Amino acid sequence: MNCPNCGAEVRDIDRFCGRCGAEIAKGSQEAGQQQGTYQQTSYQQSYPPVDTRKSKLVAGILQLVLGWAGVGRFYLGYNSIAIAQILVTLFTCGIGAIWPFIDSILILAGQVPVDADGVPLKD
Ligand SMILES: [Zn+2]
């Protein structure tokens, strides 16, 4: 089948178009064959469209500039890590801010590939 938005070819099991991110409406006639193809599918195809994903660049820069406040981690939904970074920074009089700084490098380098919900970050 093809994407109703951009016409790109998509697999029957995909919920979203891989090219434009549009949601694919399922025809009821496909329900029968869906089970047969299910096992060949890659689960990552059912993630939300790229436009709604969090940006690796935004997260990395937030963490780089405001990492002592855990802002990059809050942005990604890792609230407990963010709070820990604030506490470590406070209790070490700022020395512990090296952690969120390193964290920002890791985010920008793609070492934190998903947000707290397990959704991949976009570049
Ligand atoms: Zn499309």
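Check the entry above for the structure.
These numbers were taken from a predicted model, which means no experiment stands behind them. (Residues numbered from 1 in each chain as written. Predicted model: local features only at pLDDT ≥ 70, side-chain atom pairs only at ≥ 80, totals over all residues. Heavy atoms only, no water.)

(A) Up close: the overall build of the protein chain. For the protein chain, the helix and strand inventory stands at five helices and zero strands. Reading the secondary structure of the protein chain in the N-to-C direction produces α-α-α-α-α. Within the protein chain, the fraction of its 123 residues that count as buried is 29%. Partitioning the intrachain contacts of the protein chain with sequence separation of at least 6 by distance along the chain shows that 41% fall at a separation of at least 24. Carbon and sulfur atoms form 59% of the exposed surface of the protein chain, whose accessible area is close to 7700 Å². (Helix = DSSP H or I, 4+ residues; strand = E, 2+ residues; numbered from the N terminus. Buried < 20%, exposed > 50% of the residue type's maximum accessible area, 1.4 Å probe, protein only. Contact = heavy atoms within 4.5 Å. Areas by Shrake-Rupley, 256 points an atom, 1.4 Å probe, with all protein chains shown as cover.)

(B) Region of the structure containing helix α2 (residues 56-66). Three or more residues of α2 are buried, namely A59, G60 and Q63. One side of α2 holds all its buried residues, which, seen down the axis, span an arc of 95°. (Arc of directions from axis to C-beta.)

(C) Local environment of the coordination of the zinc ion. Around the zinc ion, the donor atoms from the protein are C3 (SG), C6 (SG), C17 (SG) and C20 (SG), and they sit 2.2 to 2.3 Å away. Coordination at the zinc ion comes from four donor atoms whose angles at the metal span 105 to 115°, giving a geometry best classed as tetrahedral. Site description for the zinc ion: donor spacing in sequence, C-x2-C-x10-C-x2-C. Owing to a relative accessible area of 5%, C3 belongs among the buried residues under this scheme. Look at C6 and you get partly exposed, because its relative accessible area is 30%. (Donors = N, O, S within 2.8 Å, 3.2 Å for Na, K, Ca; no water. Tetrahedral: all angles 85-135°; square planar, octahedral: opposite > 155°, others 65-115°.)

(D) Helix α5 (residues 98-108), seen in detail. Considered for burial, the residues of α5 that qualify are P100, D103, S104 and I107. The buried side chains of α5 occupy one side of the element, clustering within an arc of 105° when seen end-on. Those residues of α5 that are buried are in contact with α2, α3 (71-76) and α4 (79-91). Positioned one or two residues after α5, G110 has a phi angle of 85°, which is positive.

(E) Focus on the environment of L90. Tracing the chain through its elements places L90 in helix α4. With relative accessibility at 59%, the residue L90 sits in the exposed group.

(F) Structural context of the side chain of D115. Summarising the element assignment, D115 is placed in the segment after α5. Discounting residues that sit within four places of it in the chain, D115 has contacts with K54, L76, Y78 and L121.

(G) Representation of unusual backbone geometry within the structure. Phi angles above zero are rare outside glycine, and C93 is one such case at about 55°. Note on placement: C93 falls in the loop between α4 and α5. By relative accessible area, which is 75% here, C93 ends up exposed.

(H) The arrangement of the packing of α2 against α5 in detail. At a minimum axis distance of 8 Å, the contact between α2 and α5 shows a crossing angle of 165°. Taken together, the axes of α2 and α5 lie roughly antiparallel to each other. The element α2 and its partner α5 pack so that their crossing is left-handed. Taking contact as the criterion, the partners of K56, L57, A59, G60, I61, Q63 and L64 in α2 are, on α5, P100, F101, D103, S104, I107 and L108. The residue inventory of the contact of α2 with α5, partitioned by class, reads eight nonpolar, three polar and two charged. (Axes fitted to C-alpha atoms, helices over the stretch in contact; angles between N-to-C directions. Parallel < 35°, antiparallel > 145°, perpendicular 65-115°, else oblique. Left-handed = near helix turned anticlockwise from the far one by under 90°. Nonpolar A, V, L, I, M, F, W, Y, C, P; charged D, E, K, R; others polar.)

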